[in-house]
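Structural characterization, general
One-letter residues, chain by chain:
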Amino acid sequence: MNTHASVVIIGGGVMGAAIAYHLAAAGVRDVLLLERDELAAGSTSKAAGGVRAQFSDELNIQLGARSLEAFGRFGEEIGHDIGLHRVGYLFLLSTPQEVASFEAGVRLQNALGVPSRMISPAEARRLSPLIRTDGLLAAAFSPDDGHCTPEAVVHGYAAAARRCGARVLRHTEVTGIERQGSAITGVRTTLGPIATDTVICAAGAWSRAVGAMAGVDLPVQPLRRQIAVTEPVPGLPPDLPMTIDFTSSLYFHAEGPGLLVGMSDPDERPGFATDTHDRWIPRLAAAMERRAPALLDLRRTGGWAGLYEVTPDHNALIGEASTVSRFLYATGFSGHGFLQGPAVGEVVRDLYLGRVPFVDVAPLSADRFAADAPRPEVNRV
Ligand SMILES: Cc1cc2nc3c(=O)[nH]c(=O)nc-3n(C[C@H](O)[C@H](O)[C@H](O)COP(=O)(O)OP(=O)(O)OC[C@H]3O[C@@H](n4cnc5c(N)ncnc54)[C@H](O)[C@@H]3O)c2cc1C
């Protein structure tokens, strides 16, 4: 094995794969991506696959919109089918506070070129016929959003990165980061040491441990989230939007002939467990009864659990460490990392190369918590 790399990327999820591709495609030589398991084995393959630009934070709108463009041309640019369904995201709103917050969000999104709009409960039901409109005040819809297959995106980027000269090693865990003073000199791995002066942490829910190897605090906590998949639903509209009852966080979208259904569980505590359990089902059933009772009749045929990688303000950590030279990070996406992968890949490439990225991510630095300058994202599921 070549025991030197110009840059070591830790983590083979959507972030690591997108970063590896963008670096290698920009001509960076000796790019090395290390994944301790299979590619996409972490949170990425557990995601619901939702892609959107409907956020409250200007940076997230821009990262989401840029990624939507990349997902749209993925087949052409990367040569891989990602099963993109541009069916839109529909947020159902039941309180005046939610409506006011989404109205402000839509204004900001429109100013940034995102074609989202507020719609009536009746129009929401025309778009998503399984819902009940009782108690609904309004909805927000953006037709450019949708969903696609997360692991296909990772495999596409990893294959494209390899074609551009990057090395991608699976089953290779990083166990330590070597430093001399503030400079990185290498990483220790289960395959042996690798000399490098640059490390990029894209280790998702496990980033805090990776940051600690370099002496950098990355405040990321793992939080289990579950998904259920249903039997086929006769007569499901082919363009059913990703539908989210914002008050309860119940969401669903078409998954093959059935539905993929998810919801947050306020009883879940931080931890790395990813086994499934049924403790969330009574709350899920209550939310369905209120907002989409037709879902109660559907048999559950499968499901899984995965980890959100959560930061204190539910927004990403993207930047370069201030205390360790050439330690970059892209993590803590708090439930919206899959959809930001393509854009963050570009941004991290530019940070690595010393170029000005298409959007200024300085407010997403991990240092914002010490500086008491959090950056909350409110439009989260
Ligand atoms: C149920 C669920 C639904 C979701 N739905 C959506 C959605 O609809 N839309 C959306 O945008 N996001 C969604 N997300 C969030 C999304 O999955 C994550 O934000 C995103 O996948 C993070 O990607 P990542 O590459 O940073 O992390 P990961 O995919 O977790 O990749 C990190 C990788 O690092 C590897 N690793 C860790 N430590 C080491 C080490 N020391 N050495 C080597 N490798 C290491 C891990 O094995 C892992 O494969 C969802 C998440 C869950 C759990």
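Being a predicted model, the structure only gives us computed values, none of them experimental.

**Things to note about the pattern of salt bridges**
All told, the structure shown has 19 salt bridges when counted by the stated rule. Among the ionic pairs, E231 bridges to R299, the shortest N-O distance being 3.9 Å. Here R299 lies in the loop between α8 (281–291) and β17 (300–310) and E231 lies in the loop between β13 (221–230) and β14 (242–245), a separation of 68 residues in the sequence. Relative accessible area serves as the criterion here: at 21%, E231 is assigned to the partly exposed category. Between R283 and D267 there is a salt bridge, with its nearest N and O atoms 3.3 Å apart. Here R283 is found in helix α8, whereas its partner D267 is found in the loop between β16 (258–263) and α8, with 16 residues between them in sequence. Residue R283 is classed as partly exposed on the basis of its relative accessible area, which comes to 36%. Overlapping salt bridges bring together R66, E346, R349, D350 and R355 as one network.

**Topic: unusual backbone geometry**
Even without a glycine there, the phi angle at A40 is positive, about 70 degrees. Structurally, A40 can be placed in the loop between β2 (31–34) and β3 (50–51). With a phi close to 55 degrees, D372 is a non-glycine residue in the positive phi region.

**What about the domain arrangement of the chain?**
Domain parsing of the chain yields domain 1 (7–47 + 150–220 + 313–368) and domain 2 (89–143 + 221–310). Listed as interface residues are 13 residues of domain 1 and, on the opposing side, eleven residues of domain 2. Surface buried jointly by domain 1 and domain 2 totals about 1000 Å² across both partners, of which 62% is contributed by carbon and sulfur atoms. It is K46, A205 and V220 in domain 1 that bury the most area against domain 2; as a group they hold 40% of the surface buried on that side. Linking domain 1 to domain 2 there are zero salt bridges. A class-by-class count of the residues in the side of domain 1 that touches domain 2 yields six nonpolar, six polar and one charged.

**Description of the nonpolar core**
Among the nonpolar cores identified, the biggest contains 56 residues, and I9, L23, V153, Y157 and I318 are the most heavily contacted of them. Of all the elements in the fold, those that place two or more residues in this core are β1 (7–10), α1 (14–25), β2, α2 (58–72), α3 (74–78), α6 (150–163), β19 (327–331) and α9 (341–353). Among the nonpolar cores identified, the runner-up in size contains 26 residues, and A124, A254, A287 and M288 belong to it.

Here is what the cut-offs are and how they apply
- Residues numbered from 1 in each chain as written.
- Predicted model: local features only at pLDDT ≥ 70, side-chain atom pairs only at ≥ 80, totals over all residues.
- Heavy atoms only, no water.
- Salt bridge = Lys/Arg side-chain N within 4 Å of Asp/Glu carboxyl O.
- Helix = DSSP H or I, 4+ residues; strand = E, 2+ residues; numbered from the N terminus.
- Buried < 20%, exposed > 50% of the residue type's maximum accessible area, 1.4 Å probe, protein only.
- Domains from an automatic or database assignment.
- Contact = heavy atoms within 4.5 Å.
- Buried area = accessible area lost by both parts, 1.4 Å probe.
- Nonpolar A, V, L, I, M, F, W, Y, C, P; charged D, E, K, R; others polar.
- Core = buried A, V, L, I, M, F, W, Y, C linked by side-chain atoms within 4.5 Å.

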